[in-house]
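Letter by letter, the chains look like this.
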Amino acid sequence: MISGAVRDELIARYREPHRRYHTMAHIEDCLEQVRASTDLDAGQRDLLEAALWFHDAVYDPTRSDNEAESARLARDRLTREGAAPAFIEEVERLIQLTAGHAVEDGDRLGARLVSIDLSILGAEPERYDDYARAVREEYAYVPEPAWRAGRAAVMQRFLDAPRLFPDPEWANRCEAQARCNIRREIADLTV
């Protein structure tokens, strides 16, 4: 569905020098999880792959509209590629879910996409710590006290959620480790 030229543009975006976590490594990890989702049909995997390719295509840590801009970029590029309007609308919708990571009950694809995007939270501690350091580097412009308070508040909102991973498989596999990782990070931030 995504041509070589569009893929090359996206790869270039994910290699922008200010990125440390929101890079091609994140996209490749997400795409691998989609490929491993054998419970989905080919059309569902195509939607998820397209949404994941585009979901962080626009990433500027100083802005709050990255997801909306990424969705607009997806609409533009997929329209040029001749994708069906329904496909484009669903890709846009899925991208927008990554803004707040909230999914309605019964939204299977949304649950899978959000769970894949957040899966780093349930990684082994060393990998999670690498992720947290990389995100801090992306926000290097934020003074340390403000970073600690802001990041702790964001992570506390995750911790306060009844569930982090809306997809049951990811919840079973990642939830407990994610909560441990987040608690540990909050403790480090609030020392």
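Preceding block: the structure.
The text that follows walks through the structure, step by step, so that each part is easy to find.

**What about the side chain of Arg 19?**
- Within the fold, Arg 19 resides in the loop between helix 1 (4-14) and helix 2 (24-35).
- Of the polar contacts made by the side chain of Arg 19, one reaches the backbone oxygen of Ala 57; its length is 2.9 Å.
- Filtering out sequence-adjacent residues up to four positions away, Arg 19 remains in contact with Arg 13, Tyr 14, Asp 56, Ala 57, Val 58, Tyr 59 and Glu 138.

**Here we look at unusual backbone geometry**
- Positive phi is not limited to glycine here, since His 101 has a value of about 60 degrees.
- Tracing the sequence through the fold places His 101 in the loop between helix 5 (85-100) and helix 6 (108-118).

**Quick word on the packing of helix 1 against helix 3 (residues 42-54)**
- Where helix 1 meets helix 3, the axes come as close as 10 Å, and the angle between the chain directions of the two elements is 45 degrees. Taken together, the axes of helix 1 and helix 3 lie oblique to each other. Each of Val 6, Arg 7, Leu 10, Ile 11 and Tyr 14 in helix 1 lies in contact with helix 3, whose residues at this interface are Leu 52, Trp 53 and Phe 54.
- Of the residues contributing to the contact of helix 1 with helix 3, the split by class is 7 nonpolar, no polar and 1 charged.

**Quick notes on the pattern of salt bridges**
- Applying the stated criterion across every chain, the model contains 24 salt bridges.
- Residue Arg 13 is joined to Glu 9 by a salt bridge in which the shortest nitrogen-to-oxygen separation is 3.3 Å. Of this pair, Arg 13 and Glu 9 both sit in helix 1, separated by 4 residues, roughly a single helical turn.
- In this structure Glu 9 comes out as partly exposed when scored by relative accessible area, which is 23%.
- Salt-bridge contacts for Arg 148 lead to Glu 144; the nearest nitrogen and oxygen are separated by 3.1 Å. Here Arg 148 pairs with Glu 144, and both are found in helix 8 (residues 144-160), just 4 residues apart, close to one helical turn.
- The class for Arg 148 is partly exposed, based on a relative accessible area of 30%.

Parameters at a glance
- Residues numbered from 1 in each chain as written.
- Predicted model: local features only at pLDDT ≥ 70, side-chain atom pairs only at ≥ 80, totals over all residues.
- Heavy atoms only, no water.
- Helix = DSSP H or I, 4+ residues; strand = E, 2+ residues; numbered from the N terminus.
- Polar contact = N/O pair within 3.5 Å; in protein donor to acceptor, adjacent residues only side chain to side chain.
- Contact = heavy atoms within 4.5 Å.
- Axes fitted to C-alpha atoms, helices over the stretch in contact; angles between N-to-C directions.
- Parallel < 35°, antiparallel > 145°, perpendicular 65-115°, else oblique.
- Nonpolar A, V, L, I, M, F, W, Y, C, P; charged D, E, K, R; others polar.
- Salt bridge = Lys/Arg side-chain N within 4 Å of Asp/Glu carboxyl O.
- Buried < 20%, exposed > 50% of the residue type's maximum accessible area, 1.4 Å probe, protein only.

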